[in-house]
2 protein chains.
Amino acid sequence: MRTIDWDHDRDCVVMVDQTQLPATYTTYHAETVAQLIESIRTLRVRGAPALGAAGAYGVALAARRHEADEFAVYADAVAADAEAIANARPTAVNLSREAERVLEELENSASIDAARERTLRLAHSIADADVERNRQIGDHGAALLSDGDTVMTHCNAGALATVDWGTALGIVYSAHEADKRVDVVANETRPLNQGARITTVELLERDVETTLIPDNASGLWLQRGDVDAVVVGADRIVLEGGEQFGDQGVVFNKIGTYKHAVLADRHDVPFVVAAPHATIDTERTADEVEIEERDPSELREIYGTQNAPADVPVGNPAFDPTPMELVDYLVTETGVYEPPLDRAAFVEAAEMAA
Amino acid sequence: MRTIDWDHDRDCVVMVDQTQLPATYTTYHAETVAQLIESIRTLRVRGAPALGAAGAYGVALAARRHEADEFAVYADAVAADAEAIANARPTAVNLSREAERVLEELENSASIDAARERTLRLAHSIADADVERNRQIGDHGAALLSDGDTVMTHCNAGALATVDWGTALGIVYSAHEADKRVDVVANETRPLNQGARITTVELLERDVETTLIPDNASGLWLQRGDVDAVVVGADRIVLEGGEQFGDQGVVFNKIGTYKHAVLADRHDVPFVVAAPHATIDTERTADEVEIEERDPSELREIYGTQNAPADVPVGNPAFDPTPMELVDYLVTETGVYEPPLDRAAFVEAAEMAA
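None of these values were measured; they are calculated from a predicted model. (Residues numbered from 1 in each chain as written. Chains lettered and ligands numbered in written order. Predicted model: local features only at pLDDT ≥ 70, side-chain atom pairs only at ≥ 80, totals over all residues. Heavy atoms only, no water.)

Caption draft 1: Just the pattern of salt bridges, in detail. All told, the structure shown has 44 salt bridges over all chains when counted by the stated rule. Put simply, arginine 97 of chain A and glutamate 98 of chain A hold a salt bridge, and the shortest N to O gap is 3.2 Å. Residue arginine 97 of chain A is classed as partly exposed on the basis of its relative accessible area of 39%. On the basis of relative accessibility, which here comes to 8%, the residue glutamate 98 of chain A falls in the buried class. Taking the shortest distance from any N to any O, the salt bridge between arginine 236 of chain B and aspartate 281 of chain B comes out at 2.7 Å. In this pair, arginine 236 of chain B is assigned in strand 8 (residues 236–240) and aspartate 281 of chain B in strand 11 (residues 280–285), connecting sequence segments 45 residues apart. On the accessibility criterion, arginine 236 of chain B (29% relative accessible area) is partly exposed. (Salt bridge = Lys/Arg side-chain N within 4 Å of Asp/Glu carboxyl O. Buried < 20%, exposed > 50% of the residue type's maximum accessible area, 1.4 Å probe, protein only. Helix = DSSP H or I, 4+ residues; strand = E, 2+ residues; numbered from the N terminus.)

As structure tokens, this is what we get:
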């Protein structure tokens, strides 16, 4: 099933309940807008593209739950819900953007019945577009892999971060679909353990041979020659490195990505970044990207148990920058690019998309 | 206080209770041989040199607890205890070696009173020799550091793995004693979190400015230029690399060490290995060193909470090999050596020590 979808029988939103991972792979039905908002807040659904679909389906859900004699009263009620949905996680851009798009569709509808139909149709098309994009990334990337390869990945750039298929893991799924057996080595991905908790779950769910290793062991796997490609996603890609990285682009991704890139480089293993064009920031330089510093408790405690002195100073950055000189292939929905990237072409593509 | 010592008032063994870390820094008194054995088994005391002292003090404790009319009966009773102590952790070579040394001292004594005095004296001298060796390592290594430097370390090669002072962290303590302020960045060191649980505790206890980071962040720290040296211990050093590493030596240390060495190399930060000569295996090649594979549960669960699917295949090697081409300085109790190492000199030193 998709990470998030519409249940036509129960006329509500259905999602994989990621708070139950890795113990159980189960679904949760959000029958009300309040339940949907609570699901976003508690991370039952997470990952930028999946949150975009959550925002879209959420407004469609609101459109079906409200009733009024006058359209304006009805539209106001849905708009209030849409705002609450958009604010469920304030920094999730996709969430608010897609919620607003669907709300706009509602406001342009001629009747309540039409609004209900049009909002759900748009939500579906937003979800479908994500899957289509990921499948394109997957198919382009799969061409880089051979039957029997082993891919190392970091964090979760998989189906469970998107509506379906995923970006980095989409490449693995597309390879399988093309009858290439590709195994995966998943890094645990401290401090939030997405590799252990999420990536392994979706890989096993799809019958991909998977080995979980601590982040510390990735160097040994590369040194031993047990990895044919390192494939990761990206949180943001900039095309100018600024003071630190010069005129090359830079990939910002989950902390630890840089180390894997350096190790892959040392052992001549291709380092592949898979991400949609929407991830490419054509305006900022690397100097202008702020790296989120997360709460020290993520290291001082693990699953509620004390892991370090309660008052120890902690460094806990969420991302690190990997310069394009370490990236062998950038895979997007439009194809495979080998750095150095043609900055002008990406800027032009972004302008056309806008 | 020392990690393990003799309490003269209570006439028993006293140790830092490492099972209480990081929550509380407290001591445990082993008044009986049974309590000492239980302390070794439950890892109240751990680390090869500290276990050597535990074995030595343990036999001294047995020598004080037993009583008999005949020396032979007395000696047999202590010998039975010594065997039990030596077997408390079967693969800990230091533990059985030092227990046997002290038992031999007892067997060469003329009376029970003499045995009690001589065994305790020898245990003290074994503990003192460890501290003296570590202080020499510390002093030699501290000469490599400057006032204001920041050192990154991995795992715990500190006072709490030895009787006192430590090897890698001994360099930091010696620098402080020489009025050089040196701060430390401690890697968490998954999967057993020794950096978080143990290293930070002893550094804060000694007023060293400490920052705990996830292993994944060490690359970012080096990339940013926030580290002046990476200093680690060693579990075993071989002088011949064998098929994989050729004629250079290889350092086997906690999993993740290799990654830090590669990153330090990329950023021209000195990579320092601190270890006593006893760690240098002059006979084996790197090919002949087996890397211990540890239990999958260390990744599938953290502190008893499920971290990954219960049946996910796991790779969990305890150590990785770092070739000497990545090591800038090897610091032992006899001085600082810059690889490539003079193999013949180390073999000769080992033969003289034997």
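And the narrative resumes.
Caption draft 2: Looking closely at the packing of aromatic side chains. Counted according to the given criterion, the structure contains eight aromatic pairs over all chains. Of note, arginine 206 of chain A hangs over the ring of tyrosine 173 of chain A, and the distance from its end group to the ring centre comes to 4.9 Å. (Phe/Tyr/Trp six-rings, centres within 6.5 Å; stacked < 30°, edge-to-face > 60°. Lys NZ or Arg CZ within 6 Å of the ring centre and 35° of its normal.)

Caption draft 3: Up close: the nonpolar core. Core analysis: the largest hydrophobic core is formed by 64 residues, its most contacted members being Val230, Ile237 and Val273 of chain A together with Val230, Ile237 and Val273 of chain B. Excluding residues within four positions of it along the chain, isoleucine 237 of chain B makes contact with Val250, Val251, Val273, Ala275, Thr279, Ile280, Asp281, Met324 and Leu330 of chain B. Ranked by size, the runner-up nonpolar core spans 46 residues in total, among them Val13, Val33, Val78 and Ala82 of chain B. (Core = buried A, V, L, I, M, F, W, Y, C linked by side-chain atoms within 4.5 Å. Contact = heavy atoms within 4.5 Å.)

Caption draft 4: How the structure looks around the relation of the copies chain A and chain B. Of the transformation superimposing chain A on chain B, the axial component is 0.0 Å and the angular component is 180 degrees, with the fit at an RMSD of 0.1 Å. Viewed as a symmetry operation, the transformation between the two copies matches a two-fold axis. A symmetric contact is evident, with 100% of the interface residues of chain A recurring at the interface of chain B. (Least-squares fit on C-alpha atoms with pLDDT ≥ 70 in both.)

Caption draft 5: Seen up close, the sheet that holds strand 14 (residues 319–323) of chain B. All names here are of chain B. The strand order across the open sheet built from four strands is 11-8-9-14, with neighbouring strands paired in mixed fashion. On the outer flanks of this sheet lie strand 11 and strand 14, each paired with one strand and no other. Sheet twist, expressed as the mean angle between neighbouring strand axes with direction ignored, is 35 degrees. In terms of strand pairing, strand 8 meets strand 11 through three bridges, oriented parallel. Paired with isoleucine 237 across the bridge in strand 11 is isoleucine 280. (Pairing = 2+ DSSP bridges. Axes fitted to C-alpha atoms, helices over the stretch in contact; angles between N-to-C directions.)

Caption draft 6: Focus on the interface of chain A and chain B. Each partner contributes to the interface: chain A provides 61 residues, whereas chain B provides 61 residues. Buried area between chain A and chain B, summed over both chains or domains, comes out near 4700 Å², and the portion from carbon and sulfur atoms is 61%. Summed over the three residues of chain A that lose the most area to chain B, namely Asn216, Gln223 and Lys259 of chain A, the buried surface amounts to 16% of that side. At the boundary of chain A and chain B, one finds four salt bridges. Put simply, chain A and chain B have 31 residue pairs in polar contact (both at pLDDT 80 or more) between them. For the side of chain A that touches chain B, the elements supplying multiple residues, two or more each, are helix 7 (194–205), strand 6 (210–213), helix 8 (218–223), helix 9 (242–245), helix 10 (257–266), strand 13 (305–306) and strand 14 (319–323) of chain A. Ranked by residue count, the leading element in the side of chain A that touches chain B is helix 10 of chain A, at seven residues. Classifying every residue of the side of chain A that touches chain B gives 31 nonpolar, 19 polar and 11 charged. (Buried area = accessible area lost by both parts, 1.4 Å probe. Polar contact = N/O pair within 3.5 Å; in protein donor to acceptor, adjacent residues only side chain to side chain. Nonpolar A, V, L, I, M, F, W, Y, C, P; charged D, E, K, R; others polar.)

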